[in-house]
Amino acid sequence: MRRASRKSSSSTATASAGPTKAVSKEVERIDQFFYTYADNSSGMIDPEGIETLCAHLEVPHTDVRILMLAWKMGCEKQGYFTLDEWRNGLKALRADNISKLKKAFPELVQEVMRTSNFMEFYTYAFRYCLTEDKKKCIEIPVACELLNLVLALQFRPQVDKLNNYLKYQNDYKVINMDQWIGFFRFCNEINFPSLDNYDSDLAWPLILDNFVEWLRENKS
């Protein structure tokens, strides 16, 4: 009985060591992949490294999938990937080389576009564009580019009109998070182009009241 017990525990230990060793090898490959693009002095993948990565992925650095990748990694600083962020994201994507990362993109896009994830991605995109500490707003031109990149994935007609309005108006120079969330709510909840269920007495940001008024005045 004792021998059987020892044999059993030994085989269990061997079995458990197998997956652990495999995971360790995977992390090692992911780390090697990271250092292909990382800057030696900072120990991070910086904007230049990201551009090289994008070239190898055969996508522009402005491609929304790069923003999705940053979201998946949980990146905190625009234009920089840390080793921990890289590990977290690429382990989840099961990608330890450029070929696997390319193949992971369609699944990543599907994940982001799920209703349960899209709002999180949308708010992340805004925070990711706050390039300075304690900054709470993004400039109108940046907001227009970001709306075109992110919200237009689901609401192209609304975003086209909203961008036209933002470029036309002179009352706002920057957009804050409350307004940013308001844009999503508007696209998600308001009948377009009729606007027949928009009620300005409800808690909409003033910029959206102005936008709706502009739309009604410029209806062709």
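Residues numbered from 1 in each chain as written. Predicted model: local features only at pLDDT ≥ 70, side-chain atom pairs only at ≥ 80, totals over all residues. Heavy atoms only, no water.

*Asks:* Whenever I open this one, the pattern of salt bridges confuses me. Can you help?
*Replies:* It is possible for side chains bearing opposite charge to pair when their charged atoms get close. Counting across every chain of the model gives 11 salt bridges. For Asp31, the salt bridge is made with Arg87, and the minimal N-O distance between the two is 2.7 Å. Of this pair, Asp31 sits in helix H1 (residues 2–35) while Arg87 sits in helix H4 (residues 83–93), placing them 56 residues apart in sequence. The salt bridge partner of Arg185 is Glu189, with a shortest N-O separation of 3.3 Å. Residue Arg185 and its partner Glu189 are located together in helix H9 (residues 177–189), separated by four residues, close to a single helical turn. Judged by relative accessible area, which is 28%, Arg185 ranks as partly exposed. On the accessibility criterion, Glu189 (40% relative accessible area) is partly exposed. (Salt bridge = Lys/Arg side-chain N within 4 Å of Asp/Glu carboxyl O. Helix = DSSP H or I, 4+ residues; strand = E, 2+ residues; numbered from the N terminus. Buried < 20%, exposed > 50% of the residue type's maximum accessible area, 1.4 Å probe, protein only.)

*Asks:* Please clarify how helix H7 (residues 140–149) should be interpreted in this entry.
*Replies:* Along an α-helix, residues three or four positions apart point the same way, because every turn accommodates 3.6 residues. Those residues of H7 not exposed but buried are Ile140, Ala143, Cys144, Leu146 and Leu147. Along the axis of H7, the buried residues cluster in a sector spanning 170°; they form a single face. Of the exposed residues in H7, the ones pointing more than 90 degrees away from its buried face are Pro141 and Glu145. Its buried side turned inward, H7 meets helix H3 (64–73), helix H6 (115–128), strand S1 (137–139), helix H8 (156–168), strand S2 (174–176) and H9. (Arc of directions from axis to C-beta. Contact = heavy atoms within 4.5 Å.)

*Asks:* Is there a simple way to think about the UniProt feature "domain: DCUN1" (unreviewed entry) in the protein chain in this case?
*Replies:* Per the UniProt record, the feature "domain: DCUN1" (unreviewed entry) sits at residues 25–216. Across residues 25–216 one finds 62% helix and 3% strand; the C-alpha atoms that close the span lie 60 Å apart. (UniProt positions renumbered as here; feature names shortened; annotations may be inferred.)

*Asks:* Just checking my understanding: could you explain the side chain of Gln169 for this structure?
*Replies:* Of note, Gln169 is situated in the loop between H8 and S2. For Gln169, a relative accessible area of 7% gives the class buried. Separated by 3.0 Å, the side chain of Gln169 and the backbone oxygen of Leu166 make a polar contact. (Polar contact = N/O pair within 3.5 Å; in protein donor to acceptor, adjacent residues only side chain to side chain.)

*Asks:* Looking at this structure, I do not really get the packing of aromatic side chains. What am I missing?
*Replies:* Note on aromatic pairs: each is described by the distance of the centres and the angle between the planes. On inspection of all chains with the given rule, the structure shows 21 aromatic pairs. When the centroid spacing of 6.2 Å and the interplanar angle of 80° are considered together, the rings of Trp71 and Phe121 count as edge-to-face. Here Trp71, found in helix H3, pairs with Phe121, found in helix H6; they are 50 residues apart in sequence, far enough to count as distant. Classification of Trp71 as buried rests on a relative accessible area of 10%. (Phe/Tyr/Trp six-rings, centres within 6.5 Å; stacked < 30°, edge-to-face > 60°.)

*Asks:* Could you clarify how one ought to interpret the environment of Gln179 in this entry?
*Replies:* As for its placement among the helices and strands, Gln179 is situated in helix H9. The class of Gln179 is buried, set by a relative accessible area of 9%. Setting aside residues up to four positions removed in sequence, Gln179 forms contacts with Tyr172, Val174, Pro205 and Ile207.

*Asks:* Where do I start with the environment of Val112 in this structure?
*Replies:* Position of Val112 relative to the elements: it lies in helix H5 (residues 98–113). Residue Val112 is classed as buried on the basis of its relative accessible area of 0%. When the C-alpha positions of Val112 and Trp71 are compared, they lie 9.0 Å apart, and in sequence the two are 41 residues distant.

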